[in-house]
Amino acid sequence: MTDEQELPAFPIRAYQLIPDPNQPTVVALAIETDQGHSLFLASREILEDLGKDLLERAAKMPARKP
């Protein structure tokens with residue numbers, strides 16, 4: 001059994017997808033916050049799922065004001 005804990009959440013300021021010519025099956029996803037950078041490796045399948053999930057979630061949010 002594990003204890004539940006609250007994780008800190010920081011607004012994303014920027015992101016970048018960084019391909020690795022030596023590993024064409026993964027891409028690095030760099031996310032920048034006020035607290036610094038985090039780097040994650042993702043496969044094509046993960047990127048496709050993440051993209052779909054982000055679009056679905058964005059569609060449920062109120063539209064931006066012009």
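Structure's up top.
Here the structure is a predicted model, which means the values were calculated and not measured.

### Here we look at the overall build of the chain
No. 1: Counting its regular elements, the chain contains one helix and three strands.
No. 2: The C-alpha atoms of the chain give a radius of gyration of 15 Å, which is well past the 11 Å a tight globule of 66 residues would have.
No. 3: Seen along its three principal axes, the alpha-carbon backbone of the chain occupies a region of about 40 × 40 × 30 Å.
No. 4: In the chain, which comprises 66 residues, the share counted as buried stands at 11%.
No. 5: Pairs at least 24 apart in sequence give 4% of the contacts found in the chain among residues at least 6 apart.
No. 6: Per element, the accessible surface of the chain, about 6600 Å² overall, is 56% carbon and sulfur.
No. 7: Of the charged side chains in the chain, 7 are positive and 11 negative, and the gap between their average positions amounts to 12 Å.

### Re the sheet that holds strand β3 (residues 36-43)
No. 1: Ordered in space as β1-β2-β3, the three strands form an open sheet in which the pairing is antiparallel. Where the open sheet ends on each side, the last strands, each with one partner, are β1 (14-19) and β3. The mean angle between the axes of side-by-side strands here comes to 20 degrees, regardless of whether they run parallel or antiparallel.
No. 2: Taken strand by strand, helix α1 (residues 44-59) contacts β1, β2 (26-33) and β3, and its axis lies near 110 degrees from that of β3.

### Focus: the side chain of Thr-33
No. 1: Topologically, Thr-33 is positioned in strand β2.
No. 2: The exposure class assigned to Thr-33 is buried, which follows from its relative accessible area of 16%.
No. 3: From its side chain, Thr-33 meets the backbone nitrogen of Gln-35 in a polar contact 3.0 Å long.

### Regarding the pattern of salt bridges
No. 1: Following the criterion strictly, the structure yields two salt bridges and no others.
No. 2: A salt bridge links Asp-34 to Arg-13, with the shortest nitrogen-to-oxygen separation between them at 2.9 Å. Linking Asp-34 in the loop between β2 and β3 with Arg-13 in the segment before β1, this pair joins segments that are 21 residues apart in sequence.
No. 3: According to the relative accessible area criterion, Asp-34 is exposed, its value standing at 55%.
No. 4: Residue Arg-44 is joined to Glu-48 by a salt bridge in which the shortest nitrogen-to-oxygen separation is 2.8 Å. Of the two residues, Arg-44 and Glu-48 both sit in helix α1, four residues apart, roughly one turn of that helix.
No. 5: Judged by its relative accessible area of 58%, Arg-44 is exposed.

Parameters and conventions
- Residues numbered from 1 in each chain as written.
- Predicted model: local features only at pLDDT ≥ 70, side-chain atom pairs only at ≥ 80, totals over all residues.
- Heavy atoms only, no water.
- Helix = DSSP H or I, 4+ residues; strand = E, 2+ residues; numbered from the N terminus.
- Rg over C-alpha atoms; globule rule 2.2 N^0.38 Å.
- Buried < 20%, exposed > 50% of the residue type's maximum accessible area, 1.4 Å probe, protein only.
- Contact = heavy atoms within 4.5 Å.
- Areas by Shrake-Rupley, 256 points an atom, 1.4 Å probe, with all protein chains shown as cover.
- Lys, Arg positive; Asp, Glu negative; His and termini not counted.
- Charge placed at Lys NZ, Arg CZ, Asp CG, Glu CD.
- Pairing = 2+ DSSP bridges.
- Axes fitted to C-alpha atoms, helices over the stretch in contact; angles between N-to-C directions.
- Polar contact = N/O pair within 3.5 Å; in protein donor to acceptor, adjacent residues only side chain to side chain.
- Salt bridge = Lys/Arg side-chain N within 4 Å of Asp/Glu carboxyl O.

That is the geometry; function is a separate question.
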